[in-house]
Structure formats: structure tokens, C-alpha cells
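Residue-level structure breakdown
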Amino acid sequence: MSRTALPGVAAATLVAALVAATLVAVALRAEAAAQFGPADWAAIRFTVLQAVLSAVLSVGLAIPVARALARRRFPGRRLLITLLGAPFVLPVIVAILGLLAVFGQNGLVNAALAGIGLPGIRIYGLTGVVLAHVFFNLPLAVRLILQGWVGIPAERFRLAASLGFGPSDVARLLERPMLREVVPGALLVVFLLCTTSFAVALTLGGGPRATTIELAIYQAFRFDFDLGRAALLGLAQVALTATAALVALRSAVPAAFGAGLGAPVARWDARTPLLRVQDTILVALAAAFLLTPLLLVVTRGAAGIVTLPASVWLAAGRSVAVALGSTALMLILALSIAAATLRLGRTPARLIEASGYLAVAVSPMVLGTGLFLLLFPVAGPADLALPVTMLVNAVMSLPFALRALVPALAEIERSYGRLASSLDMHGQARLRHLWLPRLRRPLGFAAGLAAALSMGDLGVVALFADPEHATLPLKLYDLMGAYRSDAAAAAAVLLLALSLGAFWIFDRGGRIDADL
Amino acid sequence: MKFQLLAAGLFAATGASAQDAPVVTVYTYDSFVTEWGPGPAIEAAFEAECACELRFVGAGDGAALLARLRLEGERTEADVVLGLDTNLTAAAADTGLFAPHGLDPELDLPVEWEDDIFLPFDWSYFAFVHRNELNPPESFRELAESDVSVLIQDPRSSTPGLGLLLWVEAAYGDEAGAFWSALADNIVTVTAGWSEAYNLFLEGEADMVLSYTTSPAYHAIAEEDDGFAAAAFEEGHYLQIEVGGIVASTDQPELARDFLAFMLSDAAQSVIPTTNWMYPAVVPQDGLPEGFGDLIQPDRALLYPPDEAAAAREAALDEWLLALSR
């Protein structure tokens, strides 16, 4: 094992150990052996069904949208790309309220249908769950795939144009190979996110038919106090993830476009009027689907921001601190793991990359409870609430960072690795002069996502923090629980602004001189 | 206020205590401790008379509270647990983590109270809340036959959800399963907790939401909005009685008992109605606040004794799952 692989192996081991130790901690506290009942199997089936549907739809819709965004230039494009990421970083209940303002019983769609005398729609059930998951994950899928598109060097498109390629030739020789590399990872990430879904399924699922594994775990903890069953279900979730991760990583094929000079991409192939119209419509539809609910959230709460109590602003400050801490931690973990995948053989490389995905698969409830059991003998949970939240959020956002960094770093090494090695650039020098400059884009994107995600996270912190240490999402729930829905709506706007702001600053920092 | 909060935030991190006074640690649900709940006023009033420091620790909701205590076991720092309801007290007593309170106060509850481990501090009836524009059904049966839409909470994750489960069980017994099947098409969705359901209701997603008979008092008093009411059902209404108990492993048994007794004093009870939006367990000297007088008064109070509630729960949950999974 070379020296550069060591930190990565350590980081992957840390993640795996965190997941394993929490599962074991919970299992050891169990009072009786557990086994699956029919209800548990039903929960596993529903979890897989909705996650597969959500992943296929999100990624399927994301491909044409990402293509349209990749080959068009228009005023406000950057801002639009940032805004399109917003649903992904919202706390679930806020996004759900936004979605319902459009698709709910009392929403815009039903009002419009009633206006023209048509019967209304009812989204509760599998439809609602998948709709919400697509709403959350389409932006992420678009961004992941867009990264793939802008990763094709401008020189290849130039060559394509000089060879007289039409859109179908470009698709066959440039775009499809790129998609073969990028799509499996995107499918995987969305699938994994949807497997641990809890509040979406429970709020929009319409009833116990839509029970996910996460809800079964929640029930095992909270109502039955059956820690054995909780651990077993948690293990099932990890097994599901590990399988999915290995399948997806195995089916990804490196595209190998070779190096470019990083010049702006010009697309001669996409200049036909028909394609222009098609892309315009696609972008408009995606924007309408993703932004209307957010706009309604903002209009509902914006006026209340000035009257928010001081405690909400303090909570916002805590959230910003947590977001910055977990972003820094995530970058260290992700870079180490990505570097190690280059240095190791195929199988160990896949293994440590897969272990980076584990954290998203492990139930937040199991992770939180396990950490609680591990830390409770040592220190007061409330005192550790913020550091623990930072660590868990860093680990939870690893998969997205790895999705963005691993292919990008592999491409850099394929293109410049030999040159760098021949110049005897290793370790620090290679990191500073080759990797970091060329990784700015995916790094900025990953950091932005991590910051935004941990800003909106309401997982582990809920178990550890009490209201005096509450982060903004927790405060938002407190407001909702105290009948104060107007103040909650205002807090949601604040959270949305902070999340988007954090995402924008990092993401923008990553492409300050780039043409994405 | 701002400074206090800031200071609390700064000092909480170091865990340092300014005084050497004994500390009473009370575990309760989150909404009790927030600045909108009864916590701050009760803390100030108790500290003024106890020569001690009262520390509230918020731990999710009622069910999470018990889970937290069980996770911590006998090493818990908690001296008192506040906020379990009678559907959870049997499980709580079975853990052996609670000690008898040894108090015998006068209570104003709709039912007799005989429990030597847990003492109530507030209560309300579960009820479906609606806007005044709706002409509400007058019974469960009428609701199931109507096309009125309702939002309910999942009994597996929320205490009101569990309350509804036992309410239907108490009202319909063997026919509960059939009732749930009949109600299935009225249910818009089942949420994880009270907050989600109530906020969906406020956004207009359904005609009624499972909440409390006292919920309209919030809108009437805090928002000066008389547009909400709770529907009175002929079958009677299930009670939620919230209780506190002394943790057996406490190192402050005297202060813990004092605090439990204090929770029934005028100082604490007069805070409850307009912060927790529940009825006080002892009516304060000045009576109930205006706005509580307009609430519906159910003719029949339904309540399973704790051990029967625990026994009825599992079968009722299976029926519920079966009826709503079709």
C-alpha cells in the first residue's frame, strides 16, 4: 500500500467503524433476540419499490434537463442552476408543505382543475412519495449528470464539429460513454437517499401501506423499545445499500475522454431551432416543477422573518457553525478516500469507495441511538450535540462528495498522472499543484452540498440536542409543535436562504473562473 | 432576554454551573422546555422557593422521553420525568426506574386518580379540530359515513396517534376493526407526529385534524381567531392525562418530590393553560383563562387504566394496520 492510500483507508475505516460500532452498540443493548415479521418484510419491499421508482424517474428526467443546461447559454443560467438545487437542501417537512401548496387538496393544481371543471387529483400514496422524492432528488441528479457533461473537454466537441457530427453522433460517441460512467452513480445516490426516507413516506404515503424500513426502526425504538429488532432492521438497510453500491460501482464504465485545456465549451451540434425549442421547454418545465413550491414557501413566510424571536437567530448561528465544521471534515474524508481509490487495486478501491456510501444507508435513528449509547457513559449528550452532528453530517454527505470527486480525480490522473509522476510531483506537491486546482469545481460542489445538507439536517441532532442547543431545523419543528405555523414558515425561509447561500458560496467559489 | 439566551448558549457548552446549589434535573418533552412552553416560567417560580437549580432537559416527545430513560437506565441524571401519558405509564412503571411519589393532592380531573408512582400535571381530551365553516359530524359513525376528510397521526410514532387508537378501541371494542375500514376513505394521510398533521390542516389539506378539545383555545387566545372548534362526538372522548414521576435512582429524592408537588401548585398550574394549551390538573385560584370557557365539554370521558391500555395496544395496532393497509 502506498503512502497516499493510507489516509483514505483510515477515512474509510472510520466511516465503516462508525456504522458498525453503532449497530453493535444497539444490538448489544437488546433484551431479546429478534426476527423479521411479515410487517417487516412488507416494509422492506415498499422501501425498495419506492426507492427504485424514485431513482429511475429522478435520473431519467435529469438526463434531458442536464443536457439542455449543458449545451445552452442564457442570462441567469448560473443562478438557475443554484436555485434548482434548493429542494435538495430543505428540511423535509418544509419541502412537503411547498409541494402540497402546488399538488395538495388545496393546491394550485387542484384549484386550476376545479376552475375548468375537472375532478381534482389526490397525491397521497405511492404517487405522493415518488413525487416528493423526485422533487428532492431531481436537482441532485441534474447536478451530478451536469458535472459529467462539463467534464467532457471542449476540444472533443470542437473535433466533433470539425468532423461534421450531428446531435446523434455527438450522443453516440461523446454523451453516451459519459452517461455510462455517470448514471450508475447518480442512480445509486438517489436510491440510497430514498431507502432511508422516513418523513416523506409517512406524511405523503397516506397510511401504513407506505411503511418504510426507517419507520419500522423508529417504531422498534420508540414504541416497542425492541433494540434487537431495530438493530436487525438497521442491518437489513446496510445490506441493501452495500448490494446496491457494489452493483452500481461495477456497472460504471470509465469514459476516458483524455485531457482538455479547460477551454469554454461551444456546441455546434445543438444549434438547430428544434433542439433550441426542446431544450428551452425542458429547462422551463424543470424550473417550474422545482421552483414553484419553493416560491410558495417563500411568499408564505418572508414577511414573518423580521419578527422571529432571538432564539431562532441563535439557532441559525449554531446551524451555520455546524455546517462549516461538517463541510471541512467531509472534505478531508472525501479527498483521502478519493486519493486512495487511485492507488489501490480494483477490488480494494471499490471496497473503500463503497464504505464511503455506508453512512447514507445506515438508519439515522440507529446511528444516533448507537452513538448515544457509546457516548452516554462518557459525556452529557447535550454537550456533545453539535460535534456529533458535525461528524454525522460530514459522513452523511460523503457519498455525494465521492460521486463528484472520484470520477473527476480518476480523469485527472488518467490525463496528467504520468506527466506529474515524470516531474516527480508526489504527495503535497501533487495535491496542491495538480489535484486541487483541477478539482475546484467538484470540490466546490461537494462542499456546497455538504454545507447545505447539514444546515437543513434534522437527524441525529434531534436525539442529542435539547431546545437550548437547538439548530435551526430543530427550532422550526419546535415552532410547529407550539402551534406557531406563521413563525415556522418564516424560519423555513431563513433556513432556505442560509442553505442556498452556503451552497452558492462554495459552489461559486469552485467555478470562479470556470464556465459552468 | 437576548443576553440571557446568549449567556445560556455560551455557558451550556462548558457545562459549568455558577452556583453550588443542588441541581434537580427534569427530563421532559421538547415543547415543554421551549420559550413558548411552560418550562421557563415554571423554572423561575420553582427556583425562587427551592434553593436549588432546576434543569430541564428536552428529549423529543412523550414516547421518546421513555425511550431515552430506558437507554440511560439507572445511570441517568434525571431526577424527575415529566410528560408521559397514561398510555405509557404501564411500560414506564415496568422498567422499575420510577419510585413512588408519596403525595396525596386534591385533583380536578374528570376521572379518579389512583397511582402511587405517577402524578398528573395537566390533561385534555383528544378531539377532531375543524374550522367553523365545517358542519362537523357528531360521532365517529357519522364521520365514517360522511365525506369529511381527516388527518391523523401514526400510533407507532406519536402519542396522539396512540390516543386515537385507544379512543376507537374504547368506543367500539370488537367493532373497532370494522370502524377503521369504514374510516379509511376519510383519512387523507397519516403523519409521524402532531406537528405535521396540525400544520397540514392549517394549510387546508383536510377538513379536520386529530388534536385536543383545548386546541381552539390557542387560536382564540394567542391569535384572537375564533374560527376553530373541536367536534363533540357522541361516543365520548378519550382523555390524555400527562404525568410526572420521580426517578428511583435520583440523588435528590426530597427536591424531586418537592418539584412534583410544586407542579400542582397555583404558580405552576396557572402557567399550564396558555403555554401547554391543556387543562391544569388543579384549577388555579383565578380560574381558567377566558377562551377555555368556550370549549366543548364531552359528556363521557373515556380512558383505559394504564395496564389495560398497554394490553389493548398491540391487538388494536394490528387491527389498525390491517384495516388501513388494504
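Cut-offs and rules
Residues numbered from 1 in each chain as written. Chains lettered and ligands numbered in written order. Predicted model: local features only at pLDDT ≥ 70, side-chain atom pairs only at ≥ 80, totals over all residues. Heavy atoms only, no water. Helix = DSSP H or I, 4+ residues; strand = E, 2+ residues; numbered from the N terminus. Rg over C-alpha atoms; globule rule 2.2 N^0.38 Å. Buried < 20%, exposed > 50% of the residue type's maximum accessible area, 1.4 Å probe, protein only. Contact = heavy atoms within 4.5 Å. Areas by Shrake-Rupley, 256 points an atom, 1.4 Å probe, with all protein chains shown as cover. Core = buried A, V, L, I, M, F, W, Y, C linked by side-chain atoms within 4.5 Å. Domains from an automatic or database assignment. Expected span 1.5 Å × (residues − 1). Bend = angle between axes of the 7 residues up to and from the residue. Disulfide = S-S within 2.5 Å. Pairing = 2+ DSSP bridges. Buried area = accessible area lost by both parts, 1.4 Å probe. Salt bridge = Lys/Arg side-chain N within 4 Å of Asp/Glu carboxyl O. Polar contact = N/O pair within 3.5 Å; in protein donor to acceptor, adjacent residues only side chain to side chain. Nonpolar A, V, L, I, M, F, W, Y, C, P; charged D, E, K, R; others polar.

Attention now moves to the overall build of chain A. When its secondary structure is counted, chain A shows 23 helices and zero strands. Over its C-alpha atoms chain A spans a radius of gyration of 23 Å, differing by no more than 12% from the 24 Å that the globule rule assigns to 516 residues. Summarising its shape, the C-alpha atoms of chain A cover approximately 65 × 65 × 50 Å along the three principal directions. In chain A, which comprises 516 residues, the proportion classed as buried is 57%. The contacts of chain A with a sequence gap of at least 6 include a subset with a gap of at least 24, amounting to 84%. For chain A, the accessible surface area stands at approximately 19200 Å², while carbon and sulfur atoms represent 69% of it.

Glancing now at the nonpolar core. All names here are of chain B. Within the largest apolar cluster, 286 residues are counted, with the highest numbers of intra-cluster contacts made by Leu-84, Phe-128, Ile-152, Trp-167, Trp-180 and Phe-259. Split by domain, the residues of this core number at least three in each of domain 1 (21–123 + 240–280) and domain 2 (124–238 + 299–325). Those residues in contact with Trp-180 that lie beyond four places of it in its chain are Ile-152, Leu-164, Leu-165, Val-168, Ile-187, Trp-320, Ala-323 and Leu-324.

In this section: helix H13 (residues 273–301) of chain A. Residues and elements named next belong to chain A. Given a rise of 1.5 Å per residue, 29 residues ought to cover 42 Å, and the 41 Å separating the end C-alpha atoms of H13 matches this to within 8%. The largest bend in H13 amounts to roughly 35° and is located at Leu-291, with the proline Pro-293 lying one to four residues further along. For H13, the full list of buried residues reads Leu-275, Asp-279, Val-283, Ala-286, Ala-287, Phe-289, Leu-290, Pro-293, Leu-294, Val-297 and Gly-301.

The subject of this paragraph is the environment of A:Pro293. Residue and element names in this part refer to chain A. Structurally, the position occupied by Pro-293 is in helix H13. Note: C-alpha distance between Pro-293 and Arg-209 (84 residues apart in sequence) is 26 Å. Not counting residues up to four positions away in its chain, the partners in contact with Pro-293 are Gly-98, Leu-99, Val-102, Phe-135 and Ala-288.

On to the state of the cysteines. Residue and element names in this part refer to chain B. Counted under the stated rule, the structure contains one disulfide over all chains. Each disulfide pairs two cysteine sulfurs, and for Cys-50 the partner residue is Cys-52, the sulfurs being separated by 2.0 Å. Residues Cys-50 and Cys-52 are joined through a disulfide that is left-handed, its torsion about the S-S bond being -95°. Note on accessibility: Cys-50 and Cys-52 belong to one class, buried.

Along any regular strand the residues' side chains alternate between the sheet's two faces. Residues and elements named next belong to chain B. Burial along strand S6 (residues 150–153) is two-sided: the residues Val-150 and Ile-152 and Leu-151 and Gln-153 are all buried. Taken together, the four bridges between S6 and strand S7 (residues 187–191) define a ladder with parallel strand orientation. Within S7, the position partnered with Val-150 by the bridge is Ile-187. Where S6 lies against strand S8 (residues 208–212), two bridges are found, and the strand directions are parallel. Bridge pairing in S8 places Leu-151 opposite Val-209.

Before going further, it helps to spend a moment on the domain arrangement of chain B. Residues and elements named next belong to chain B. Domain assignment breaks chain B into domain 1 (21–123 + 240–280) and domain 2 (124–238 + 299–325). A straight line from the C-alpha centre of domain 1 to that of domain 2 covers 26 Å. Contacts between the two partners involve 17 residues from domain 1, matched on the other side by 22 residues from domain 2. For the pair domain 1 and domain 2, the summed buried surface comes to about 1700 Å²; carbon and sulfur atoms form 66% of the total. The largest per-residue losses of area from domain 1 upon contact with domain 2 belong to Asn-87, Gln-240 and Trp-277, which jointly make up 46% of the total buried on that side. Linking domain 1 to domain 2 there are zero salt bridges. Between domain 1 and domain 2 we count four residue pairs in polar contact (both at pLDDT 80 or more) in total. Its residues assigned to classes, the side of domain 1 that touches domain 2 shows 10 nonpolar, five polar and two charged.

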